[in-house]
Amino acid sequence: MAIVERTRELEPRQAPTIGWEGRSAKDMLVQSERLFAETGNYCGVDELLMKKGDPIQFEKMFSRLRGGLVTARETALNISASPIVKEIGELCFALYTPEGDAVALSTGIIVHVHTMSDAIKYMIREGYESSPGIGPGDIFTNNDAMIGDVHNADVQTIVPIFWEGELVGWAAGVTHEIDIGAKTPGSVPIGPISRFEDGIDLPAKKIGSNDELWHDHVLAGLKGTRTPMYWTLDEKTRLAGCHMIREAVERVILEEGIDTYKQFIREVIEDGRRSFQSRLREMTVPGRYRAPAFIEIPFAKEEQLPSYARRDTLMHAPLELRITPEGVLELDYEGTSSWGYHSANCTPSSMQGAVWVQLTQTLICNDKVNDGAYLGLRTNFPPGSVANHANPQASTGIAWLFLIPSFTGFVKSLSRALQARGYVEEVLAPYGQTSNAFQGGGVDQYGRQSATTNFGLSCVGGGAKMVLDGLDYAAAMWNPEGDMGDMEMWELIEPFLYLSQRVKPNTAGPGRHRGGSGYECLRLAWKTPFYEMQNIGHGLVFIQAGLWGGYPPATGYRHNIRNTNLLALAERGEPFPFHEPDPAASELARAVDGEHQFDLNTTTLPEVMREGDLYLCMFRGGAGLGDPLERPYQSVMEDIEGEYLLERYATSLYGVVPGDPAATEMKRSAAREQRGQRAVPVREWMAGERQRILDRSMIEPVQVMYAESMRLSEWWAKEYREFWGLPDDFEFDVPTPTVDLTKALLAQRDQGIAAGTAAEVEGAATTGPSEDAR
Amino acid sequence: MKLDKDTLRDLIDERLPRSQVRAIQSSHKDADRFDKYIDILQERVEWNDQIVLPFGEHLYIVSKEQNAPPEESSGVASAEGRARRKSRGYTVKCECGHEFCDYRANWKLEALIYVRETDEQLREVYPEMMSGDSRWNHLREYYCPGCKTLLEVEAVPPGYPVVHDFLPDLEGFYREWLGRELPS
């Protein structure tokens, strides 16, 4: 008997329910999803009684909650010392319902509004209320992209909010870490080829209670990164912000009453859903839009990688966007390339986050942003593709390398709809690829170990507009609130001086309106015995063309010089070049002695630089819009004068004869004639292109790209064969090992083998409808 | 924001100061914009076919009575078979008057094309080292056979299908969203 009693003590105790009306949070989540499935309305909310009955109170409550979130962000970021957080604002906060649906969000990196929702729902679904328990004062964290995140560097803090014993919501905040302790330095590491190299791993963990972080977690963080001071202060930033949000919610409940608050959070999300559908109907046209994007990972040259990862990859993002007459927006990535042994793999959570960023700058660019818009979306991110790797061992360290190009088609497609409705002021060509990423680590100018990710990358060129040129070196659509930071601030933490920072000619995509221009910095390694520097950017392929005759922005190149004579030139008082406006006539190549890396290898693993070495950091431009021959003469002249355009391109590209408007007209007329002479009917050209396919006359990375798309998607394979009139059994005869592995993983899932692994694959695979919708 | 037709005309013609463009961008949208835009476009073209939908710069979908159905031999047309549509008689037409095809087919297949895939071809547009590697992708330029205007550019790998950028659901748009029949 005594043994039985003692054994009983070890049995799990029933955790107290924390949901509303005595239910568990899990029951609430299940019911919420059931009600949405049954009614099409969030939580079955049929009428917006509060909004109708007292619209002022409704708006006031939203403003107070949103104000609390923005205040939390603006106040808490002052705790941080990281330039990424403190100076350029790579953080955001959001408030969630007990089930994990976003009610409102702060400004900042809004990509995470839905990723944190995923993380909260994961904890609820996995029964965290029983173990490790969810109670007042608890603190949770997450940075696992398969649970709900983009990559490890985006670290989340999540705090439950209780009122009289009931869970009434969650406050959550995220900061982008400057280093995440990955295989290679920085926040978006290019080196990892598996998840085990992605750095600090926090898969939805409880890390504190009684409003304090547990000491063991704090100690682990200090050991996990190359920048422990930034890590520690960022953690305090997130926690302080979450507690400020909790206080704001408590004040609202105290003054308005808990019942009013509960009604409000339901209605405001349903209101967000309806508002999104209304905007879709007001501003777009139902139909099907297509805009594929591409980017390369040229790793065949990287001898330090294992053989299976040492390959050149071309990633294919064949976005099909559909707007249904019912007012549902569908994003379909069927046919996307396979995941790979690199760090650019994505999860559904990260893709959803990227959708968010685009929507908040286009269709829902108002203050009432919450998970209502998510409910108006349907998505297909095929399992096994780079958009949804569905592989528990895949790396997501630099998921943005795929995310950013893969959503250029979104803004492009949406712009077709906006123009068709007449909203010409909203039309926007695709944005520039965020690169080059100046990132690395080593020993800095203070003799300390350090790492950096420079956010100059968040100021690439914007896409051309229908009524204006694109914004020059001003924005990154994936990160609308981020900016480049000050050079002086970066020089404080990076052992690299800025010799220059100026416009890079011809980076903008040409067109009637050109894209925004990119820029370049020439950095001089300074007082460092070694610093490992990588390159990340596209050099081999254009990401996405512009709109209606607008060209894609230029691709990039690498020009880094080691063992230079630059310091010797300076010491002798002799001139030295400080920028490279035209790589075809490079002063850097001519005047600076040293070992030049002057090529198209723009995505590389880190290599050591030392004092006196030069690193040219080139940031890309945005895509153009319209026929370049229609660009006003004066605009072309201003581009030349502003050094946005090398003069020789005035004629070859725009048909402009500088200084002679009359000759320009004749030149443009001749250019049109030349077009007619050298172009051929498309169907005639297609015959030759078809033969090229039948001959497999293309490099292996291109063949592999097609093979992966066709083997992962029967639908895409059928489309491809039908378009070109290829035999039904046509294949590219190249190996696609990651596709084979995906099929094995999915088969394991289907057979219920390897329960732990299968659960994760399954979770990632069930992202949304596709075949029916298509 | 109330946006009258003259202001819209000035917006299209880029005669408004940036501050006003900014204000228009940030304001609530005028619900009748579509009709105003169509009116302005219609008064500017030199032909009489009714514009049903603006279709990018220089292109329109117009109402035509004698149109052949899209060619079903094309893989693209077959893919479109899944799209919701029953109507016929709507044609993609260039501002210059050149008519491409039924709107359900991909007008690009009836265009002229120039592919840039050599250094010499790419150097006309981009400086050395700034146009990628043509073994990985190339530029396709689609011109109107009538006026030789550059209507679209594609940047895709060799062997990629011609992209069908936009297949509007005209019937759904007019009937379900605008609440009226498609112009005949």
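Residues numbered from 1 in each chain as written. Chains lettered and ligands numbered in written order. Predicted model: local features only at pLDDT ≥ 70, side-chain atom pairs only at ≥ 80, totals over all residues.

Structural notes on the overall build of chain A
How we decide: Runs of H or I in DSSP of at least four residues are treated as helices and runs of E of at least two as strands, each being numbered from the N terminus. Only C-alpha atoms enter the radius of gyration, while the globule expectation follows 2.2 Å times N to the 0.38, with N the number of residues. The exposure label follows from counting other C-beta atoms within 10 Å of a residue's C-beta, where the C-beta atoms are placed from the backbone and the thresholds are 20 or more for buried and 12 or fewer for exposed, leaving partly exposed in between. Any residue pair is listed as a contact if its two C-beta atoms, each placed from the backbone, are within 7 Å.
When you go through chain A residue by residue, the secondary structure sums to 26 helices and 21 strands. Rg of the C-alpha trace for chain A: 27 Å, near the compact-globule value of 28 Å for 774 residues, within the 12% margin. In terms of its C-alpha atoms, chain A occupies a principal-axis envelope of roughly 95 × 60 × 55 Å. By residue count, 59% of the 774 residues in chain A fall in the buried class. Within chain A, residue pairs in contact and separated by at least 24 positions form 76% of the contacts whose partners lie at least 6 positions apart.

Comments concerning the overall build of chain B
Regarding its fold elements, chain B presents 6 helices and 8 strands. Each helix and strand of chain B, placed in order from N terminus to C terminus, yields the pattern α-α-α-β-β-α-β-β-β-α-β-β-β-α. Every one of the 184 residues in chain B was classed for burial, and the buried ones make up 45%. Relative to all contacts within chain B whose residues are 6 or more apart in sequence, the contacts with residues 24 or more apart total 56%.

With respect to the confidence of the model for chain B
Close inspection of predicted coordinates is inappropriate in any region flagged by low pLDDT. All names here are of chain B. This is how it is decided: Note on scores: pLDDT gives the predictor's confidence for each residue, bounded by 0 and 100.
Put simply, chain B has an average pLDDT of 90, and 87% of its residues get 70 or more. This model gives residues 71-87 a pLDDT under 50, and the stretch forms 33 contacts once residues within four places in sequence are excluded. Overall fold confidence (pTM) sits at 0.93, and the ipTM for the predicted complex is 0.93.

Description of the interface of chain A and chain B
Applicable threshold: All amino acids are sorted into three groups, where Ala, Val, Leu, Ile, Met, Phe, Trp, Tyr, Cys and Pro are nonpolar, Asp, Glu, Lys and Arg are charged, and the leftover types, Gly among them, are polar.
Counting residues at the interface gives 77 residues for chain A, matched by 70 residues for chain B. For the side of chain A that touches chain B, the secondary-structure elements that each account for two or more residues are helix 11 (258-283), strand 8 (287-298), helix 15 (408-421), helix 21 (661-678), strand 21 (680-681), helix 22 (682-694), helix 23 (700-712) and helix 24 (714-724) of chain A. Counting residues per element, the side of chain A that touches chain B draws most heavily on strand 8 of chain A, which supplies 8 residues. Taken together, the residues of the side of chain A that touches chain B sort by class into 44 nonpolar, 13 polar and 20 charged.

Structural notes on the sheet that holds strand 9 (residues 312-323) of chain A
Rules: Two strands qualify as a pair provided that DSSP identifies no fewer than 2 bridges between them. Lines fitted to C-alpha atoms define the axes, with helix axes restricted to the stretch in contact, and inter-axis angles between N-to-C directions lie between 0 and 180 degrees.
In space, the 5 strands of this open sheet follow the order 11(A)-10(A)-9(A)-8(A)-8(B), with mixed pairing throughout. Two strands in the sheet have a free side with no partner beyond their single neighbour: strand 11 (377-380) of chain A together with strand 8 (166-168) of chain B. Averaged over all adjacent pairs, the angle separating strand axes in this sheet is 15°, with direction ignored. In the sheet, strand 8 of chain A pairs with strand 9 of chain A via 12 bridges, with the strands oriented antiparallel. Its bridge partner being in strand 9 of chain A, Tyr289 of chain A is matched across the sheet by Leu321 of chain A.

Observations regarding the domain arrangement of chain A
All names here are of chain A. Rules: Throughout, the edges of the domains are those of an automatic or database domain assignment.
For chain A, the assigned domains read domain 1 (2-256) and domain 2 (428-626). Its C-alpha centre places domain 1 at a distance of 36 Å from the equivalent point of domain 2. Contacts between domain 1 and domain 2 engage 21 residues on the former and 26 residues on the latter. Tallied by class, the residues present in the side of domain 1 that touches domain 2 amount to 9 nonpolar, 8 polar and 4 charged.

Some thoughts on the packing of helix 1 (residues 5-12) of chain B against helix 3 (residues 33-44) of chain B
Residue and element names in this part refer to chain B. Counted only if it meets this: Crossing handedness: left-handed means the near helix sits turned counterclockwise from the far one by under a right angle, and right-handed means the same turn made clockwise.
For the pair helix 1 and helix 3, the least separation of the axes is 10 Å and the interaxial angle reads 65°. As for the relative orientation of helix 1 and helix 3, their crossing is right-handed in sense. Between helix 1 and helix 3, the contacting residues are Lys5, Leu8, Arg9 and Ile12 on the first element and Lys36, Tyr37, Asp39 and Ile40 on the second. Of the residues assigned to the contact of helix 1 with helix 3, the class counts are 4 nonpolar, no polar and 4 charged.

As for the domain arrangement of chain B
Each domain of chain B was delimited in the assignment, giving domain 1 (1-44) and domain 2 (112-156). Measuring from the centre of the C-alpha atoms in domain 1 of chain B to the corresponding centre in domain 2 of chain B gives 33 Å.

Examining the environment of Thr555 of chain A
Among the secondary structure elements, Thr555 of chain A is positioned in the loop between strand 16 (531-535) and strand 17 (558-562). Thr555 of chain A sits 65 residues away from Arg620 of chain A along the chain, and the two C-alpha atoms are 7.2 Å apart. Setting aside its immediate chain neighbours within four residues, Thr555 of chain A contacts His538, Gly539, Val541 and Phe542 of chain A together with Met130, Ser131 and Gly132 of chain B.

As for unusual backbone geometry
In this structure, the amide linkage connecting Ser131 of chain A to the following residue, Pro132 of chain A, adopts the cis form with an omega of 10°. Along the chain, Pro132 of chain A turns up in helix 7 (residues 129-133). Here the amide bond leading from Ser435 of chain A into Asn436 of chain A is cis, since omega sits at 10°, within 30 degrees of zero. Within the element layout of this structure, Asn436 of chain A appears in the loop between helix 15 and strand 12 (439-443). You will see that Asn506 of chain A, though not glycine, has its phi angle at about 65°, which is positive. The residue Asn506 of chain A is located in the loop between strand 14 (496-503) and strand 15 (519-525) in this model. We classify Asn506 of chain A as buried; it has 29 C-beta atoms within 10 Å. Not every positive phi belongs to a glycine, and His58 of chain B is a case in point at roughly 80°. Counting through the fold element by element, His58 of chain B comes out in the loop between strand 1 (51-54) and strand 2 (59-63). Classification of His58 of chain B as buried rests on a count of 21 C-beta atoms within 10 Å.

Considering helix 21 of chain A
Counted only if it meets this: Between the first and last residue of a helix there are one fewer steps than residues, each counted as 1.5 Å, and that sum is the expected span. Note: the arc covers the axis-to-C-beta directions of the helix.
The end-to-end C-alpha distance of helix 21 of chain A is 26 Å, a good match for the 26 Å that 18 residues give at a rise of 1.5 Å each. Residues Thr664, Arg668 and Arg675 of chain A constitute the buried set of helix 21 of chain A. Here the buried residues of helix 21 of chain A occupy an arc of 40° about the axis, which is enough to place them on one side. Turned more than 90 degrees off the buried face of helix 21 of chain A, the exposed positions are Ala662, Met666, Ala670, Glu673 and Gln677 of chain A. For helix 21 of chain A, the secondary structure elements touched by its buried residues are helix 19 (633-641) of chain A together with strand 5 (112-116) and strand 6 (138-143) of chain B.

Topic: the confidence of the model for chain A
Looking at chain A, pLDDT values average 93 and 95% of them are 70 or higher. Low confidence marks residues 757-773 of chain A, where pLDDT is under 50. Its contacts with residues over four positions away, or in another chain, come to 38 contacts.

Section: the environment of Arg572 of chain A
For Arg572 of chain A, the location among the structural elements is in the loop between helix 17 (566-571) and helix 18 (587-591). The spacing of Arg572 of chain A and Arg502 of chain A is 70 residues in sequence and 26 Å in space, taken between C-alpha atoms.

Quick look at the sheet that holds strand 19 (residues 604-609) of chain A
Residue and element names in this part refer to chain A. Read across the sheet, 4 strands follow the order 13-12-16-19 without closing on themselves; strand pairing throughout is antiparallel. Edge positions in the open sheet fall to strand 13 (449-453) and strand 19, since each of these has one partner strand only. Averaged over all neighbouring strand pairs, the angle between strand axes comes to 20°, with direction disregarded. Here 5 bridges tie strand 12 to strand 13, and the two strands are oriented antiparallel to one another. Paired with Gln439 across the strands is Thr453, a residue of strand 13.

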